[in-house]
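Working through the structure, step by step
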Amino acid sequence: MLRMLTLIICLTALTACATVDSRTKENYQRNSFYSGTQQDYHCFYDSALCALDLPLSVVGDTLMTPFDGWYWYQTPEDREKGNDKATE
């Protein structure tokens, strides 16, 4: 029973890494919703860990959506720059 609990805790600690990684200072994608899920989607076929991480990244990104929305609302100049790049 203790081994199973230890295994579950270790596997849980290794999940939703893309959500955390996509929100670090170096990797933060401004005005991007579900960035951890997008990161897992792009490496889905390259690594089995991305497939395991994807469902928990969806949950983590869903929990972070209010923050992402607030940040998007607070940075309109970045949003306008992103729209200009999309139209070019």
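Residues numbered from 1 in each chain as written. Predicted model: local features only at pLDDT ≥ 70, side-chain atom pairs only at ≥ 80, totals over all residues. Heavy atoms only, no water.

**A few points about the confidence of the model for the chain**
Looking at the chain as a whole, the pLDDT averages 77, with 77% of positions reaching at least 70. Averaged pLDDT values for the elements of the chain fall to 54 in helix α5 (residues 76–87) and rise to 88 in helix α3 (residues 35–42). Of the regions scoring below 50 in pLDDT, residues 84–88 engages in zero contacts with residues more than four places distant in sequence or in other chains. (pLDDT = per-residue confidence, 0-100. Helix = DSSP H or I, 4+ residues; strand = E, 2+ residues; numbered from the N terminus. Contact = heavy atoms within 4.5 Å.)

**Some thoughts on helix α4 (residues 48–74)**
An ideal rise of 1.5 Å per residue puts 39 Å on 27 residues; α4 measures up with 37 Å between its terminal C-alpha atoms. At Met64, α4 shows its strongest bend, of approximately 45°, with the proline Pro66 following within four residues. Taken residue by residue, α4 has Cys50, Asp53, Leu54, Ser57, Gly60, Asp61, Asp68 and Tyr71 as its buried positions. As for α4, its buried residues are in contact with α2 (17–21) and α3. (Expected span 1.5 Å × (residues − 1). Bend = angle between axes of the 7 residues up to and from the residue. Buried < 20%, exposed > 50% of the residue type's maximum accessible area, 1.4 Å probe, protein only.)

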